[in-house]
Amino acid sequence: MKESNEMTLTVPAIGVNEAFVRGAVAAFAVQLDPTVEEINDIKTAVSEAVTNCIVHGYEGKGSGDITVKCSAGGGRLHIAVSDAGVGIPDVARAREMFYTTKPEQERSGMGFAIMETFMDALEVESAAGSGTIVKMEKRIKGKADKAD
Ligand SMILES: Nc1ncnc2c1ncn2[C@@H]1O[C@H](COP(=O)(O)OP(=O)(O)OP(=O)(O)O)[C@@H](O)[C@H]1O
Ligand SMILES: [Mg+2]
């Protein structure tokens, strides 16, 4: 089995960190030799997960942190994005396309659907009051396999 590599990042759940975390995860993913398309898929999914922590995670609770853990190995990238905020009372419902608790803020309820589309696996663990963890996996076929 190939060696695996890990990183953990904790930052405040504030708007500027959406681009920072997206970029940091993309930089970490480079070791798997992804295509530009694969990197873009990862950035899109991470952006949705982190935005959710910022927009919904600490609603009514003031502020808190986002922790992002990544591991790379065996041609796979695992990403876990978590907050210690309000949690999601009904995860199945929240994952439905177009379900949003913030329609007045021009949210479209597409975040989880986008994560699911751009990644190979998505798991959401949450309960009201206990924070949220979103685990995603991307299999990296990489440039080497696409040479011809
Ligand atoms: N980290 C989180 N903490 C608390 N609630 C969350 C979190 N992430 C998602 N949710 C809940 O799940 C719902 C669906 O999330 P989703 O990302 O699919 O849509 P959205 O954020 O409402 O809209 P969009 O992502 O299209 O802007 C949210 O409206 C919110 O109620
Ligand atoms: Mg969202």
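Our structure is the block above this text.
My aim in this report is to walk through the structure given alongside it, one point at a time. Here, residues in each chain are numbered from 1, in the same order as that chain's written sequence. Whichever chain is written first becomes A and whichever ligand is written first becomes 1, with later ones labelled in order. Selection of residues for local features in this predicted model requires a pLDDT of at least 70, selection of side-chain atom pairs for listing and counting requires 80 or more, and totals for whole chains, interfaces and linings are taken over all residues. The side-chain values count all of the structure's non-hydrogen atoms but skip hydrogen atoms and water molecules.

Attention now goes to the overall build of the protein. Strands here mean DSSP runs of E at least two residues long; helices mean DSSP runs of H or I at least four residues long; both are numbered from the N terminus. Helix and strand counts for the protein stand at 4 helices and 5 strands. Reading the helices (α) and strands (β) of the protein from amino to carboxyl end gives β-α-α-β-β-α-α-β-β. Considered along the principal axes of its C-alpha atoms, the protein spans approximately 50 × 30 × 25 Å. Working definition: with a 1.4 Å probe on protein chains only, accessible area under 20% of the residue-type maximum means buried, over 50% means exposed, and in between means partly exposed. The buried share among the 148 residues of the protein stands at 44%. The criterion used for residue contact is that any of the two residues' heavy atoms lie within 4.5 Å. Counting only contacts in the protein whose residues sit at least 6 apart along the sequence, the fraction spanning at least 24 positions is 66%. Accessible surface, the protein: about 8200 Å² in total, of which carbon and sulfur atoms supply 51%. Here the protein contributes 16 positively and 22 negatively charged side chains, and the mean placements of these two sets differ by 1 Å. Each accessible area is a Shrake-Rupley result for a 1.4 Å probe, and residues are judged covered by the shown protein chains and nothing else. Residues scored as positive are Lys and Arg, those scored as negative are Asp and Glu, and His as well as the terminal groups of each chain are ignored. Lysine's charge is taken at NZ, arginine's at CZ, aspartate's at CG and glutamate's at CD.

With that settled, consider the site of ligand 1. Within the structure, ligand 1 sits among 19 residues, and Asn-52, His-56, Asp-83, Thr-100 and Thr-101 are positioned closest to it. Any pair of N or O atoms that falls within 3.5 Å is considered a polar contact. Within protein, one atom must be able to donate a hydrogen and the other to accept it, and sequence-neighbouring residues count only if both atoms are side-chain atoms. Interatomic distance of 2.5 Å between a side-chain N/O atom of Thr-100 and an oxygen atom of ligand 1. Here an oxygen atom of ligand 1 sits 2.5 Å away from a polar atom, N or O, in the side chain of Thr-101. Definitions used throughout: a 1 Å grid over protein atoms alone; a cavity as a set of points that fits a 1.4 Å probe which cannot get out; a pocket as an open set with protein on both sides within 12 Å along at least five of seven lines; a lining residue as one with an atom within 4 Å of a point. The rule for placing a molecule in a cavity or pocket is simple: more than half of its atoms must lie within 2 Å of the grid points. In this structure, ligand 1 is accommodated by the largest pocket. At the level of elements, α2 (36-57) and α4 (111-118) are the ones that each hand at least two residues to the shell around ligand 1. Residue contributions to the shell around ligand 1 peak at 4 residues, all from α2. The nonpolar class holds Ala, Val, Leu, Ile, Met, Phe, Trp, Tyr, Cys and Pro. Asp, Glu, Lys and Arg form the charged class, and all remaining residues, Gly among them, are polar. Among the residues forming the shell around ligand 1, the class breakdown is 6 nonpolar, 10 polar and 3 charged. Residues are counted as near a molecule or strand when any one of their heavy atoms sits within 4 Å of it.

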